[in-house]
Every structure is written in structure tokens, then in C-alpha cells.
Amino acid sequence: MPYPAHHPHCIYTHNHRTHDVRPPGNSSPLFLGLDLSTQGLKAVLISEDSSVVHESAVHFDRDLPHYGTTNGAVRGPDQGEVTSPVRMWLEAMDLLMKRMNSADVNFSRILGISGDGQQHGSVYWSQDAEKLLSSLDPAQPLEQLSPNAFSLPKAPIWQDSSTTRECRELEAAVGGAQALSDLTGSRAYERFTGTQIKRIRRISPETYSATSRISLVSSFMPSLFLGEIAPIEVSDASGMNLMNVLTCKWEDVLLDACGGPELRAKLGPEPVAGGTLLGKISPYWVQRWGFNPECQIAPFTGDNPATVVALSTPGDAILSLGTSTTLLLSIPPADTAPKCFTTSHLLSHPTTLDAHIAMLCYKNGALAREQVRDHYAGGHWTQFNELVEGTPVGNTGYMGFYFPLPEIIPPNVQGNFFFSTSSPSSPAPSVAPVSDAEMPGPAHPRAILESQFLSIRSRITAILPEDAPPLQRLVLSGGSSANAVIRQLAADVFGMRVFVAGKEGAAEGGAQLARYAWWRARSGGGTFEEMRAADAEGARMKCVAEPRWENVAVYEQLVGPYRECEEQVVQMCRRRRA
């Protein structure tokens, strides 16, 4: 139901001062962050001092079951194809607004909106889209856009794996996987947007021809609020295989390979940085929900960059110790560009010019740790921790690799592998494989933690430019971040103070981006870090472990032996497949 203009939350008196529009009375401004993930849509409202004042959410399967999704997605009909109905996202936005309204959210206090979307997903607008966006009827829900505003009613999302052919063709067009990685920050991946566009152009040329613009999920959402199609943001554009990750401009050779000469027009202008202002909210939202007509819309980013914004600043690393292990490394600007690899991702930073985010993803995270716990520590974390603490740093030369699932980093390895290494300081350091029977049982818990963390550390060293400032903090998240022994071992391997994040997530990162755009406009400029410096740090981040420098020195010496062991694992798996 539309809410009439006399609803108490719709009352607003204009303040015409440039860059300092505030709600009436003593009410402070609020900033809305929206997170459109695979399984749901979440809203977080923060105040000017970063306090979270409201959260609402819509779960697609539970709240909108008539779309027939499983975990927010529809599989098929083609092999590897995974999509989400665009109309479902529109209905979710309406339902979210109703829930916020029922919770007495005062929409007129919201002065900035930003957010994030699941990375890589894409939305295809029809030739009538701009006209329909600009003439939305406030008496009707957003579903009025469907189907006529879209040339494709379903959006390919990150789980899609139907574009293997397109990946190989794209890499061939630029000289191979490493060349594409050097250009865009990543080799070709099935889920990336460029190859998704390329496949649609191949299998449905009529759909591609009928498409006026292509949005990422992250630029689809601000388009709804602006009443016109929003540009794509630089950090999320890094997940398309279409943008030069160093210049932050569309790369013509990639555009031509994926979508022909017409793709540049379909993507719109060059990608925009976070913290900029795209424009004021459209009248539809003012009239239907009582939003402040001066509310500014900022670019939305991807979910991973939004998490970086919520939890860290350049010079920090975020290590998510969940089902998978993910490192998000916020690399400050340096004279030398970070290196690109075919096993990692490099993204432009959403708020800091010339800064980057490096991303490493491992399949074998918590599952592998839990298997070691069950096999060697009686299924109890207490015993696991005691075994770690009962073995010396460096594990008396034993290293173990545990890959119950086919791994991404290093690629295509699976199984358990054990080694005995001599002291790195010995005259002729050596590495020798050992059998499971020769590997001492109590050594396994320390071995899995050291090998998982040394894998990441060895790659951080390779990615970071030589002239980059030293990393400052390691922020842990995910289930294993609660384990004090794991926290301390991480501090020692990485040589950084370890912090544990609060409940901050991607949606709050989106709200911070909205606040940042508003703050910059009022302040006449300034960096994201300057804005965040005024926030109460203690409330959002807690230091839980300090590096023990004698242990840090040991792990510095173990990076080389670790790399040699890993290379032997890769060779063993290659021979096994031959």
C-alpha cells in the first residue's frame, strides 16, 4: 500500500543551504545501506556518528516463495546456468520499505543512500527502461517496471558456471590467462560479467540487441532510486574482466571481445569512484515513502569491497575464517602497482584513489580444520588447542597440507600431503615428503594452521609492491575468529596485531559509503579515513592478539620451505592426473 503524504514520517520542511540540508528539529541525519545478496535484501541505517540505529531484512525463499528460488537462485534450464528473477528483487525492495515503515523509520531523516550487491551479477535493461524509470507511478509498487523495463527477466549471478567456452575465448583474445589478469586483475572466470555478456550475445543475439544498458547488481539498485540508469562503480567493475584495473577505464579490446563495438554504449560512462554523488532521490520515493527530496544517492559497490569499507582501511587485511578462507587485503597507494596472479584477484579500492584490494579465496577452510580436529583431537577444540600449544613454533620441521576438496590456491590439488623440513638456517635446507604414518599425530593441529596461514603470507609478500607501507592490522571474522589459539597463531605468522570485528557487514559498509559521500560534500573533500577517524574505534574493533616477535622471525624463515613443499604438492597432483 502506498503511504499518503500526510503520514507523519512524510512531513519535511526544506533547508536550502548547499551541502547542509538537515531534517527538521533536532533530528540528526541518517544514512541507509542496502545489501542485495544472493539470499536476501538487507537494510542498515546508521547515524552521523556511525551508530547502527535500525536493521531490516527480506529473505527471498521464505518471504517471496512464489518465485520458486532455492537460496535466492534458480538453476537451469541450461547446464551450469544460475539466475535470479529481477522482479523478485523489485518486490523485495517494496517489502523492505514496508517493514522499515512499520518499524517507524523516519524516511525524511535519511540524507544519503548507498549499498552493495552480490558481485558479478548483471541486469539487462530494455530500450524503454529510462522512460519507465523516470515516470514511476508512486501509487504502484516497483514491480510496475517488470517486465517492460528489462530485455532479460532473469539476472545471471555469481554462481553461474555456463561460460567456460567464453572464458577460454576471452583469454585467447588477449594472449592468455596471465595477460588478462595483468590487465583486469583476474583471469577469466565463469561467474565474471564479461563472459556472461559474451554468452548472452552468442546464444540470444535478439536479447542482446534489445538491451539498451547493462547494469551490475550494484548499479541496478541506485538506478531505482535515481529514476535513471546509474553508472557502474570502479571496485565492482573490477569483477567483470572488462575494466583496466590500473586506469579504472573500460578496455576496448575486452569490450570488443565480449560484446562487440556496441558494448561500450550498453555499459554507459566510465566507472565512477565511491564517495561521489550521483544525484538526488527521484520523486517516486518522496511521494510513496516520504523520503527527503534532498536525499543524495551515492554509487553502490560489490559485497566484498563493502565488507572492506565496513571493517578496514588501506593498510589492513581482513581474514575470513569461515567455511572457505578468504583474505581481503587493502593495499595503500604506492609508486609500484601491485602484481596480478592467475590464482588471486585485484580490485580497485572503492574509496581511495590508486589503492587496491587483493583477494585470495580458498575452498578448504573450516572443513579441513574440523577434519583434523575430529581425526587427531578427539573432535574437541579444547584438545585441538592444547595440541597446538604443546608443539613448538615451526612444528619441529613438520608441514602438512590438507585439501579434502579440490583447491583453488594452489589450483587443482586434492588430498593430504606431509613433509619434513630441516632448519631454514642450516647450511643445506632440505624438504622431504613423509607418509601419514611418519607424521606425528600431535603435530597435525599446528600443521594445518601453519600451512593455511603460510600459504596466505607467502602470497601477500608476492602481491604487495616493494615500496608499499607495511600492513598495520589483521581483522579476523568468521567462526574460527573466536578461537584464541588461532588468533595468536595468526598474529605470529602475519606479524600483525589481530583485531576481531563486531557485527559489521556489507550493508553497514554501504551505509558508510552513503555517509562518506554526504560528509565529503559538506566538508568540501577529505578522505574516507579522515571521516572514520572521528568514530569511536573501541566500539567497532577489539585487539585480541599481539605478535610475539620471536615467533614472527621463525615464520619469516619458513616461507621459503613452505613454497618448496607446496610446489611438490602441485607436482604430485599433476602426476596423479596424468
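Throughout what follows, the structure given in this document is the object of discussion. (Residues numbered from 1 in each chain as written. Predicted model: local features only at pLDDT ≥ 70, side-chain atom pairs only at ≥ 80, totals over all residues. Heavy atoms only, no water.)

**Topic: the pattern of salt bridges**
Logical step 1: The tally for this structure, following the rule as stated, stands at 19 salt bridges.
Logical step 2: Of the charged contacts in the structure, one is a salt bridge between Asp 63 and Arg 99, with a shortest N-O distance of 3.0 Å. Linking Asp 63 in helix α1 (residues 60–63) with Arg 99 in helix α2 (residues 86–102), this pair joins segments that are 36 residues apart in sequence.
Logical step 3: Exposure remark for Asp 63: the relative accessible area of 22% places this residue in the partly exposed category. (Salt bridge = Lys/Arg side-chain N within 4 Å of Asp/Glu carboxyl O. Helix = DSSP H or I, 4+ residues; strand = E, 2+ residues; numbered from the N terminus. Buried < 20%, exposed > 50% of the residue type's maximum accessible area, 1.4 Å probe, protein only.)

**Some points on helix α17 (residues 484–494)**
Every α-helical turn comprises 3.6 residues, leaving residues that sit three or four positions apart pointing alike.
Logical step 1: Where burial is concerned, most of α17 is hidden: 10 out of the 11 residues are buried.
Logical step 2: Burial in α17 covers these residues: Val 485, Ile 486, Arg 487, Gln 488, Leu 489, Ala 490, Ala 491, Asp 492, Val 493 and Phe 494.
Logical step 3: Capping the start of α17, Asn 483 holds a side-chain oxygen 2.9 Å from the backbone nitrogen of Val 485, two or three residues further along.
Logical step 4: Count one or two residues on from α17 and you reach Gly 495, which has phi positive near 65 degrees. (Polar contact = N/O pair within 3.5 Å; in protein donor to acceptor, adjacent residues only side chain to side chain.)

**A few points about the pairing of strand β5 (residues 82–85)**
If a strand is regular, its side chains alternate between the two faces of the sheet.
Logical step 1: Of the two faces of β5, the one lined by Val 82 and Ser 84 and the one lined by Thr 83 and Pro 85 are each fully buried.
Logical step 2: Here 2 bridges tie strand β4 (residues 74–75) to β5, and the two strands are oriented antiparallel to one another. Of the residues in β5, the one forming a bridge with Arg 75 is Val 82.
Logical step 3: Hairpin geometry of β4 and β5 is characterised by an intervening segment of 6 residues between the two adjacent antiparallel strands and by a positive phi of about 85 degrees at Gly 76.
Logical step 4: The sheet contact formed by β5 and strand β8 (residues 154–156) spans 3 bridges and is antiparallel. Bridge pairing in β8 places Pro 85 opposite Lys 154. (Pairing = 2+ DSSP bridges.)

**With respect to the sheet that holds strand β24 (residues 541–545)**
Logical step 1: Taken in spatial order, the 7 strands of this open sheet run β17-β18-β16-β15-β22-β23-β24, and their pairing is mixed. Two strands lie at the open edges of the sheet, namely β17 (345–348) and β24, each paired on one side alone. In this sheet, adjacent strand axes meet at a mean angle of 25 degrees when their direction is disregarded. (Axes fitted to C-alpha atoms, helices over the stretch in contact; angles between N-to-C directions.)

**Focus: the nonpolar core**
Logical step 1: Ranked by size, the top nonpolar core spans 61 residues in total, and within it Leu 319, Leu 329, Phe 401, Phe 453, Leu 474 and Phe 494 carry the most contacts.
Logical step 2: Once you skip the residues sitting within four places of it in the chain, Leu 329 turns out to touch Asp 316, Ala 317, His 356, Ile 357, Ala 358, Ile 460, Leu 464 and Leu 471.
Logical step 3: Listed in part, the 53 residues of the second largest apolar core include Leu 32, Trp 89, Leu 90 and Ile 297. (Core = buried A, V, L, I, M, F, W, Y, C linked by side-chain atoms within 4.5 Å. Contact = heavy atoms within 4.5 Å.)

**Remarks on the packing of aromatic side chains**
Logical step 1: This structure, assessed with the given rule, holds 19 aromatic pairs.
Logical step 2: Seen from their ring centres, Phe 107 and Phe 291 are 4.8 Å apart, and the 40 degrees between their planes marks the pair as tilted. Remark: Phe 291 occurs in the loop between α12 (283–289) and β13 (296–297) and Phe 107 occurs in the loop between α2 and β6 (110–117); sequence separation between them is 184 residues.
Logical step 3: Overall, the relative accessible area of 2% leaves Phe 291 in the buried class. (Phe/Tyr/Trp six-rings, centres within 6.5 Å; stacked < 30°, edge-to-face > 60°.)

All quantities given are derived from atomic positions and should not be read as evidence of function.
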